[in-house]
Each structure stands twice: as C-alpha cells, then as structure tokens.
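# Structural description and commentary
Okay, here's what each chain looks like letter by letter:
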Amino acid sequence: MSRRGRGGGAGGGRGRGGGYGLGPGGQCVCPSCGYTAQHIVGQPCYSMKCPNCGSPMTRGS
Ligand SMILES: [Zn+2]
C-alpha cells in the first residue's frame, strides 16, 4: 500500500465574498449631498455628475 499523492485538491474558490465589494466596480459618491451611484467601469467617478445637485462625484469605498 502506498499512499502517494496529495489528497485531492479542494483548492480554488478564491472567494468572491458576497457580491459587490472592491473591485473594478465600486461606488461613486457625491461629496455634497451624499448621493451614491454605481461606478461605471472605464468611466471615472469625477466625470459623472450627481443627479441631485450636479456636483462631480468622487470615488466612494
Ligand atoms: Zn449631490
């Protein structure tokens, strides 16, 4: 009996822990009124304007 082999890899599954988090997405937030919107990939937050007050949005966390 030779038990060689590394018992089967149940590796993988690098968690995407629960939906949205930090990543290519994220959120933009209005520094003036606190409105948040989903960040659009490829479009910087500061190029969006807040629909409430018209201020440029910044990157939220
Ligand atoms: Zn605003």
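These numbers come from a predicted model, not from an experiment.

For the chain, the helix and strand inventory stands at zero helices and three strands. Listing every helix and strand of the chain by position from the N terminus yields β-β-β. Across the chain, contacts joining residues at least 24 apart in sequence account for 29% of those joining residues at least 6 apart. For the chain, the exposed surface amounts to about 5,100 Å²; the carbon and sulfur share of it is 50%.

Take the nonpolar core next. Judged by nonpolar contacts, Cys28, Cys30, Ala37, Cys45, Met48, Cys50 and Met57 together constitute the single largest core of seven residues. Other than its neighbours up to four places away in sequence, Ala37 contacts Gln27, Cys28, Met48 and Met57.

Further remarks concern the environment of Thr36. Topologically, Thr36 is positioned in strand 2 (residues 36-38). A residue is classified by how much of its surface remains accessible, and Thr36, at 39% relative accessible area, is partly exposed. Put simply, Thr36 and Met57 are 21 residues apart on the chain and 8.4 Å apart in space, counted from C-alpha to C-alpha.

As a further point, take the sheet that holds strand 3 (residues 58-59). Here three strands make up an open sheet; going across it, the order is 2-1-3 and the pairing antiparallel. Single-partner strands in this sheet number two, and they are strand 2 and strand 3. Bridge count for strand 1 (residues 27-29) against strand 3 is two bridges, and the pairing is antiparallel. Bridge pairing links Val29 to Thr58 in strand 3.

On the protein side, the zinc ion has Cys30 (SG), Cys33 (SG), Cys50 (SG) and Cys53 (SG) as donor atoms, found 2.3 Å from it. Each donor residue of the zinc ion lies on the same chain, and together they follow the pattern C-x2-C-x16-C-x2-C. Residue Cys33 is found in the loop between strand 1 and strand 2, and its partner Cys50 is found in the loop between strand 2 and strand 3; the two are separated by 17 residues along the sequence. Cys33 sits in the partly exposed class, given a relative accessible area of 41%.

Scoring rules and cut-offs
- Residues numbered from 1 in each chain as written.
- Predicted model: local features only at pLDDT ≥ 70, side-chain atom pairs only at ≥ 80, totals over all residues.
- Heavy atoms only, no water.
- Helix = DSSP H or I, 4+ residues; strand = E, 2+ residues; numbered from the N terminus.
- Contact = heavy atoms within 4.5 Å.
- Areas by Shrake-Rupley, 256 points an atom, 1.4 Å probe, with all protein chains shown as cover.
- Core = buried A, V, L, I, M, F, W, Y, C linked by side-chain atoms within 4.5 Å.
- Buried < 20%, exposed > 50% of the residue type's maximum accessible area, 1.4 Å probe, protein only.
- Pairing = 2+ DSSP bridges.
- Donors = N, O, S within 2.8 Å, 3.2 Å for Na, K, Ca; no water.

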